[in-house]
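# Structural overview
The primary structure of each chain is shown beneath.
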Amino acid sequence: MRIANYSDLKNHLKSYLDTVANDSEPLFVHRKGNNSVVVISLDEYNAGKETEYISSSPEMMKRLKSAEQNMQAGQGVLINIDEL
């Protein structure tokens, strides 16, 4: 995770935002006298929201746990991605 203070971020905003967007590396912004913030890319944000959505569904979590157990027991099914 990269770290910047507010003044440096303000002076080099484009560079910092480009790095976050292109490298999917979060940016921790320290703000003296205020709460710090983290800047993340839209892809990282969307991935987090998807994980949150899946985790909130008991049925989906049950299916994921069952699939993991099947894979660990050698009962997984290999699927060719071109056949999906």
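Residues numbered from 1 in each chain as written. Predicted model: local features only at pLDDT ≥ 70, side-chain atom pairs only at ≥ 80, totals over all residues. Heavy atoms only, no water.

### Looking at unusual backbone geometry
Non-glycine residue serine 24 carries a positive phi angle of around 50 degrees. Locating serine 24 in the fold gives a position in the loop between helix H2 (13-23) and strand S2 (27-30). Of the residues examined, serine 24 reaches a relative accessible area of 30% and is grouped as partly exposed. (Helix = DSSP H or I, 4+ residues; strand = E, 2+ residues; numbered from the N terminus. Buried < 20%, exposed > 50% of the residue type's maximum accessible area, 1.4 Å probe, protein only.)

### Considerations on the pairing of S2
Covered by surrounding structure in S2 are Leu27 and Val29 only, the residues Phe28 and His30 on the alternate face being uncovered. Pairing geometry for strand S1 (residues 2-5) and S2, over four bridges, is parallel. Bridged to alanine 4 within S2 is valine 29. (Pairing = 2+ DSSP bridges.)

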